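For reference, the chains in residue letters:
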Amino acid sequence: MRIAILSRNPKLYSTRRLVEVAEERGHEVRVLDVLRCYMNITSHSPSVHYRGESLGKFDAVIPRIGASVTFYGTAVLRQFEMMGTFPLNESVAISRSRDKLRSMQLLSRKGIGLPVTGFAHKPDDIPDLIKMVGGAPLVIKLLEGTQGIGVVLAETEKAAESVIEAFLGVKVNILVQEYIKEAGGADIRCFVIGDKVVAAMKRQGKEGEFRSNLHRGGTATLIRITPEERSTAVRAAKTMGLNVAGVDLLRSHHGPVVMEVNSSPGLEGIETATGKDIAEMQIMFIEKQLREKTQSSMTRTRGRG
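Residues numbered from 1 in each chain as written. Predicted model: local features only at pLDDT ≥ 70, side-chain atom pairs only at ≥ 80, totals over all residues. Heavy atoms only, no water.

A.B. asks: Quick question: what am I supposed to make of the pairing of strand β2 (residues 28–32) here?
C.D. replies: Remark: a regular strand shows side chains that alternate across the two faces of the sheet. The pairing of strand β1 (residues 2–6) with β2 spans five bridges and is classified as parallel. Considered in β2, the bridge of L6 is made with L32. Taken together, β1, helix α1 (residues 13–24) and β2 form a β-α-β motif whose crossover is right-handed. (Pairing = 2+ DSSP bridges. Helix = DSSP H or I, 4+ residues; strand = E, 2+ residues; numbered from the N terminus. Right-handed = clockwise from strand over helix to strand, strands pointing away.)

A.B. asks: I tried to follow α1 on my own but got confused; where do I start?
C.D. replies: Because an α-helix packs 3.6 residues into every turn, residues spaced three or four apart end up facing the same way. Its twelve residues give α1 an end-to-end C-alpha distance of 16 Å, which sits within 8% of 16 Å, the value for a rise of 1.5 Å per residue. Regarding α1, the residues found buried are S14, T15, R17, L18, V19, V21 and A22. Where α1 is buried, its residues touch β1, β2, β6 (60–63), α8 (268–274) and α9 (278–292). Note on α1: the residue one or two positions beyond its end, G26, has a positive phi of about 90°. (Expected span 1.5 Å × (residues − 1). Buried < 20%, exposed > 50% of the residue type's maximum accessible area, 1.4 Å probe, protein only. Contact = heavy atoms within 4.5 Å.)

A.B. asks: Just to check I follow, could you spell out empty space enclosed by the protein for this structure?
C.D. replies: To locate leftover empty space, one rolls a probe as large as a water molecule over the atoms. Within this structure, the stated rule accounts for two cavities of 30 Å³ or more. Computed from the structure, the largest cavity encloses a volume of approximately 100 Å³. In this structure, the largest cavity is lined by 13 residues; those nearest its centre are K100, S103, M104, M259 and E260. For the lining of the largest cavity, the elements supplying multiple residues, two or more each, are α4 (100–109), β11 (174–178) and β16 (255–262). Within the lining of the largest cavity, the residues separate by chemical class into seven nonpolar, three polar and three charged. Estimated volume of the second largest cavity: approximately 50 Å³. Residues that form the lining of the second largest cavity fall into these classes: five nonpolar, four polar and one charged. (1 Å grid on protein atoms, 1.4 Å probe; cavity = no way out; pocket = protein on both sides within 12 Å on 5 of 7 lines; lining within 4 Å. Points joined across faces, edges and corners; volume = space filled by probe spheres on them. Nonpolar A, V, L, I, M, F, W, Y, C, P; charged D, E, K, R; others polar.)

A.B. asks: How should I be thinking about the sheet that holds strand β12 (residues 186–193) in this particular structure?
C.D. replies: Across a sheet, strands are paired by hydrogen bonds formed along the backbone, either parallel or antiparallel in direction. If you trace the five strands from one edge of the open sheet to the other, you get β14-β13-β12-β15-β16, paired in antiparallel fashion. Edge positions in the open sheet fall to β14 (219–222) and β16, since each of these has one partner strand only. Averaged over all pairs of adjacent strands, the angle between their axes in this sheet comes to 30°, without regard to strand direction. Helix α7 (residues 227–240) contacts β12, β13 (196–204), β15 (244–252) and β16 of the sheet and is inclined by roughly 35° relative to β16. (Axes fitted to C-alpha atoms, helices over the stretch in contact; angles between N-to-C directions.)

A.B. asks: Just to check I follow, could you spell out unusual backbone geometry for this structure?
C.D. replies: The step from A136 to P137 runs through a cis peptide bond, and the omega angle for that step is -5°. Among the structural elements, P137 can be located in the loop between α5 (126–132) and β9 (138–142). Look at R51: it is not a glycine, yet its phi comes out positive at around 50°. Tracing the chain through its elements places R51 in the loop between β4 (47–50) and β5 (53–54). Located in the positive-phi region is K171, a residue other than glycine, with phi close to 60°. Mapped onto the secondary structure, K171 falls in the loop between α6 (157–169) and β11.

A.B. asks: Help me understand the nonpolar core in this model?
C.D. replies: Soluble, globular proteins show a tendency: their nonpolar side chains are buried together. Membership of the largest hydrophobic core comes to 44 residues, with the highest contact counts inside it found for L6, L32, F80, L107, V247, V258 and V261. In terms of residue count, α7 provides more of this core than any other element does, five residues in total. Other than its neighbours up to four places away in sequence, L6 contacts L32, V34, V61, I62, P63, R64, I65, V76, L77 and F80. Counting residues in hydrophobic clusters, the runner-up holds 25 residues, among them A22, V198, V244 and F285. (Core = buried A, V, L, I, M, F, W, Y, C linked by side-chain atoms within 4.5 Å.)

A.B. asks: Sorry if this is basic, but what is going on with the pattern of salt bridges here?
C.D. replies: A side chain of one charge can pair with a side chain of the opposite charge when the charged atoms of the two come close. On inspection of all chains with the given rule, the structure shows 13 salt bridges. Across the pair E20 and R17 runs a salt bridge whose closest N-O atoms are separated by 3.4 Å. Taken as a pair, E20 and R17 lie in helix α1 at a separation of three residues, close to a single helical turn. Residue E20 is classed as partly exposed on the basis of its relative accessible area of 35%. We classify R17 as buried; its relative accessible area is 14%. Taking the shortest distance from any N to any O, the salt bridge between R25 and E280 comes out at 3.4 Å. Remark: E280 occurs in helix α9 and R25 occurs in the loop between α1 and β2; sequence separation between them is 255 residues. Overall, R25 belongs to the partly exposed group, its relative accessible area being 32%. Take E280: its relative accessible area is 28%, and that puts it in the partly exposed class. Look at the salt bridges and you will find they share partners, linking R17, E20, E271 and D277 into a network. (Salt bridge = Lys/Arg side-chain N within 4 Å of Asp/Glu carboxyl O.)

A.B. asks: So what exactly am I meant to see when it comes to the sheet that holds strand β3 (residues 37–40) here?
C.D. replies: Within the open sheet, the three strands sit side by side as β3-β4-β5. Their pairing is antiparallel. With partners counted over all chains shown, the strands left at the sheet margins are β3 and β5, one partner each. Note: β3 against β4, four bridges, orientation antiparallel. Within the sheet, the bridge partner assigned to M39 lies in β4 and is V48.

Right, dumping it as structure tokens:
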């Protein structure tokens, strides 16, 4: 197969692993900086160009699109879909998962466990918003934040009011969520491929840190998850329409709750913690899809989304 990987940095662990495995399995791989791709949008022969040349036909494309370039990255991916290339994750699914508010509403509609979440526009509504999520302590999140950046734990109602007022005052969109104290600063990353959780790890925040992101000094260890947690992760990925996802769960008194569904989950932490070859599983998934499906049924939207 001819596989394109949309990644801004070919030296990143996840990108390198995918290239290594794909080449070992006999595929031709090309890493493309998504911001250097440009498109000829035409009815009969849509194409993607790169550094002065037309890229031609690829069998599959693996999007490793950073949150900061979601708009342009999904536009390029949609162009590949229009050309009949199979995407490991579809552009529409990535757009859904990157919009925290939209993804929460979609998960809620499917009855998937979530922390109580509030969203408001006017500072006048802050006292009721705080009450709605169970009072302080509570978590305030920027809609556009990633890797734990833009996430604040407000320990008192006064602190919560001040932080929410500050964000709303500068016209920043935020979510206000109940604080799951019983999680103890830990979450579970479930790595979903297709309709299975292929690996899971527990991420524990460093001492005094309620955010468990590995980028913020958290540690990862192997964990055994429950059937309910497994089912929740698979349903969350399916609701977003993602073939590959990192679903982040918290263990609460009322069962597993989904914090986030990540459409470009990193491989280094999960492969190190579990000892599993997640990169190979992704390439094998692509091979299976291309064997079993006709070109016209590769994607749900076929680039129209």
